[in-house]
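So you can see what is in the structure, the chains are spelled out below.
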Amino acid sequence: MDFLTLIQLLDSTVRLATPLLLACLAGLFSERAGIFDIGLEGKMLAAAFFSAAVAALSGSVWIGLLAGISASVALSALHGLASITFRGNQLISGVAINFLAAGLTVLIAQDWFSQGGRTPSLMGGARFEPVTLPFAEALSSVPFLGPVYSELISGHSILVYIAFATVPLTWWILYRTRFGLRLRAVGENPAAVDTAGVSVIGLRYAAVIICGVLCGIAGAYLSTALQAGFVKDMSAGRGFIALAALIFAKWRPWYALWATLLFGLFGALETRPDVIQAVIGIKVQGQLLGALPYIMTVIILAGFVGKAIPPRAGGEPYVKER
Amino acid sequence: MDVMPKWAEVILVPLISLILAAILSALVILAIGEDPVEAVNLMVTGALGSTYGWGYTLYYATNFLFTGLAVSVAFHAGLFNIGGEGQAMLGGLGVALACLLIPWPHWTIALVAATVAAGLFGAAWAAIPAFLQARRGSHIVITTIMFNFIAAAVLNYVLVNLMRPAGSMDPATARFPEAVHLPTLHDILGTVGISFSKAAPANVTFLIAVVACVLVWLLLWRTWLGYEIRSYGKSEPAAKYAGISPVAITMIAMLISGALAGMMAINNVMGEAERLVLNAVEGAGFIGIAVALMGRSHPFGVFLAAILFGFLYQGGAELALWTSIPRELIVVIQALVILFTGALDNMVRMPLERLFLMMRRGDA
Amino acid sequence: MTAPAIELKGISKAFGPVQANKDISIRVMPGTIHGIIGENGAGKSTLMSILYGFYKADKGEIFIAGQKTDIPDSQAAIAAGIGMVFQHFKLVENFTVLENIILGAEDGGLLRPSLAKARKTLVELADEYGLNVDPDALIEDIGVGMQQRVEILKALYRQADILILDEPTGVLTPAEADQLFRILGRLREEGKTIILITHKLREIMEATDTVSVMRRGEMTATVKTSDTSPAELAELMVGRKVLLRVDKKPATPGDIVLDIKGLRVVDDQKVERLKGIDLQVRAGEILGIAGVAGNGQSELLEVLGGYADGTGDVSLNGTPLDLSGRSSDGRSRRRRGIGHVPEDRQREGLIMDFSAWENTAFGYHREPAYQSGALLNNQAIRNDTAEKMARFDVRPPNPALAAKSFSGGNQQKIVLAREIERNPDLLLIGQPTRGVDIGAIEFIHQQIVALRDQGKAILLVSVELEEILALADRVAVMFDGHIMGERLSSETDEKELGLLMAGVGS
């Protein structure tokens, strides 16, 4: 495998890791606050549709992004209503949200565009174009670092840079701010937060809404940056891979970055079986690579490679007790 | 202390949830510019207005009966099995192997063998998450989700690389031999002189599903094993005190659950497609969740809910055929049912409880 | 005259059909320790939770330092200068002491300045009140006594003038409890007002200036501690003279039924809970196990009941019991003739959603008498239940009613009927009368003594010393996984046992 192939492979790793990373961090906020979220998939899908649809109608990808985030946040609020206000089962709520998004996106797409559940292809300002970083052109001829900078680091959509910047930001919020302290506390022992005079419900809604915003960006990225338009079921299990990455990352922001990059690499390799064969000398089935994130997560969950301990109050609705 | 009488708990709460889901679905239909009344009419005629419609309704219902029972049995043990989809896929593989590898002389023997194979394969696929939950404490919801994806990959690999007949481009097995074709309701009812649509796929498996309902009911409420499953589902510390093994019950409940989900394959793979295709399950594993929630995990409730969803599926297909409403409407309705009967249960329950409390105070 | 630090007027609160507090009024003067005493379920904790804004009262008014104050939530309570130390601590286990202290009382959006300030304040508070803690220790790594200090510090850090402590000594050894009361004394000297909720008469007499008595949601009296006596308080608590001595003949112990040698139990966290226990229980006697909760009594019951693994030699009627492995489960134990009334009937002894008849089969559901072929004989179980309910005077005598619909006493009778009527050789009983009304207590005690008089061996665990002294023929005291000593109950008293419970050897 030559250097350029490697750069290309890493480049597509970054592209594929971006939505996983955003969704994973989204799940991190929610689950760190004690609200399990298996509805990441649905929120991403809804956001993918609404951002593409509104971008197509308005011609502006930014308005599209806003619409996508709104749709995702609306589903988050529904999840909050079910699991925080009405203390329902968070897993069942997540399942419902996934189906709601899967059904509604196609239904509305058909109603608005009549193109078999897809949006028109996005062009021009209705799509996120690659951003060329300063000096990318000039430096491209520098050996080694040149291609790394101009091909790998430069030339992604703005959402990619936002996603990567969200990692240190999440870390900072979680461990260096009052909000982060309270958020982590509410996922571990909501009674401690409640008796300290802080609203458990308020904190958990805040976490769920942040989760919605990040899922919204992830979905918008799928349909307005990675692809040029929405197609039915385009999230294609990414929400679940993000969930797997979250467990893999043991609910920590920097680990989330590495986990999603790893899973992104698997995705990139899936389309390049020739590269794998060239590197390790055997033909690896595409299906195996596709299933690898899930298999690795099961192994992690089984506790064979370190123990993944979820937030202690995760999944439990908060009920005041004497 | 119970605030609500039992009938309200068993009938009123699910009914109100269902009505709420129906109202919202109607609003969705209105929002996309169609007439809900017209839509319901079309669905009723399409699904229940002919033996052809009934044949499809019952065919779908059979799938949902199996997956709904699967989710219910796990629920009773306090386990949420989201893996019905993957277990049903593997069940299909079991059926395909049973039907293709052995030249059966008659469909009856083949059916027994295929049922056993489907159950075994489904149970095996549930066994790993069950074991990890029981022994290592790995969250079964997450592992069963993961196993759905792994099952899809396995099936894809097997169909593309191993079981695809030479020369075929389709990722599917060869057709099953004539001898293992199951009698449809047309064949069965024909023997007693009732004419039933020949084209509809409902088959003898429906009867097996009904028997499964009765057996599950007997298991849960009339055997000590069912008693142990329900006890464990209500309280793990109490179960331990009573000498009920959490590991054993987790395994047994999930094996039964997985076997039931797997047995769905005798309907869709053996009874209908008569070969194994990639997307044979078509989400029926997930619909099992909605069916179990709506049926309050009781086999009779599951039976009613499965018929309802069978109706929705067939009716939805008819709608898609005659109007511009896509089939995905059913997915929306399914989501709303799960939402209202499952996650938002308290939204219905809490005001009702307050109402009953007021009535009781009024009496006193 | 100074205004009371706290005045409650006509507080009422109902949970569904249950009236937890009925028209309660109370005045607490500043700079005093005020006790609130009552049986479990008398409504003490509910009242204090209302004062702390955890629940909203249906009716009534709260005055803080003479000012009418609305306390809709804990935030308002904190603002009004109220701090509360709950019975179950409200700490985040994997946070440090410092993080727990600032949680909810941070100074700004960023943590660093808050933490620095808290660290400084903590040193001052430690000097002032003798409350030393390591600010950087994780809560999960420090003991319960230390955790309680953190809770008190949390309140002081929020500049609480009024401190409520709910059953603060339940998890403490007598020595730790004494230390706590010294700290409370210091706080009173500094002008803080303290409300101490407890069901222990001794603590009230030792620590408080005034005391209020609650019974069944009502305030029955408020008196100066120096003007009252334990006997008077006890009577006020239960509403009539208490039978502190159970009517029973001297025991006539027979052969050794349960023989325990070198029993050890290690829990899931790899902590050794039983550190080599030797005990014997003979036929026809009641052996009482006394001790502060959490010193290994629960583990003793669990391992004998078959749901915790242990090592050592335990035999029943001369035949060894399997302490781990295949035949170490509740079912095998029951087949060997061991009945078990668990410490927590709602968590372990009953399935609260199951009907009384389903609960009557619980643990015995595989008995041949309950089967007909491959199926359960539900009718046989129902008939059996109806008989048992009649004999144990369970009210209402309706086998179809769910366990959660019965009162605590009647729930306990259902469990007791199930275990005693099996005629076990050995009966394990944990906290037989916890949360049980007085009438049922007498009945339950009589049943236990009657079983003894039939020549059965009984192992009784209770944290109520009075109950142990009244029921047991012999008393063994547990401390930190060891047996500190054994006494004949006729030859010992609370004082001697109290020393043993504190780990002071004899």
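Above: the structure in question.
All of the points below concern the structure found in this document.

## Some points on the overall build of chain A
And step 1. A count of helical and extended segments in chain A gives 14 helices and 2 strands.
And step 2. Judged by the C-alpha coordinates and their principal axes, chain A covers about 70 × 50 × 40 Å.
And step 3. Looking at chain A residue by residue over its 322 residues, the buried ones come to 56%.
And step 4. Within chain A, contacts between residues separated by at least 24 positions form 77% of all contacts whose residues are at least 6 apart in sequence.

## Quick look at the pairing of strand 7 (residues 162–166) of chain C
Residue and element names in this part refer to chain C.
And step 1. In terms of burial, strand 7 is a largely internal element, 5 of the 5 residues being buried.
And step 2. Where strand 6 (residues 82–85) meets strand 7, 4 bridges bridge the pair, whose relative direction is parallel. Bridge pairing links V85 to L165 in strand 7.
And step 3. Note: strand 7 against strand 8 (residues 193–198), 5 bridges, orientation parallel. Within strand 8, the position partnered with I164 by the bridge is I195.

## Here's the deal with the interface of chain C and chain B
And step 1. Contact residues are listed per partner, giving 27 residues for chain C and 19 residues for chain B.
And step 2. Sorting the residues of the side of chain C that touches chain B by element identifies helix 10 (330–335), helix 11 (345–349) and strand 18 (375–376) of chain C as the ones contributing at least two each.
And step 3. Of the residues in the side of chain C that touches chain B, the class split is 11 nonpolar, 8 polar and 8 charged.

## Focus: helix 12 (residues 265–273) of chain B
Residue and element names in this part refer to chain B.
And step 1. Taking burial as the measure, the 9 residues of helix 12 include 8 buried ones, the bulk of the element.
And step 2. Burial in helix 12 covers these residues: A265, I266, N267, N268, V269, M270, G271 and E272.
And step 3. Packing partners of the buried residues in helix 12 comprise helix 3 (51–76), helix 4 (84–101), helix 5 (107–136), helix 8 (205–222) and helix 11 (246–263).
And step 4. Of the residues trailing helix 12, E274 is marked for its positive phi of about 60°.

## Focus on the interface of chain A and chain B
And step 1. Taken residue by residue, the interface counts 38 residues in chain A and 37 residues in chain B.
And step 2. At the level of secondary structure, the elements contributing two or more residues to the side of chain A that touches chain B comprise helix 3 (61–85), helix 4 (90–113), helix 11 (238–248) and helix 14 (286–301) of chain A.
And step 3. For the side of chain A that touches chain B, the element with the most residues is helix 4 of chain A, which contributes 14 residues.
And step 4. In the side of chain A that touches chain B, the residues fall into 23 nonpolar, 13 polar and 2 charged.

Definitions and limits used
Residues numbered from 1 in each chain as written. Chains lettered and ligands numbered in written order. Predicted model: local features only at pLDDT ≥ 70, side-chain atom pairs only at ≥ 80, totals over all residues. Helix = DSSP H or I, 4+ residues; strand = E, 2+ residues; numbered from the N terminus. Buried ≥ 20, exposed ≤ 12 C-beta atoms within 10 Å, placed from the backbone. Contact = placed C-beta atoms within 7 Å. Pairing = 2+ DSSP bridges. Nonpolar A, V, L, I, M, F, W, Y, C, P; charged D, E, K, R; others polar.

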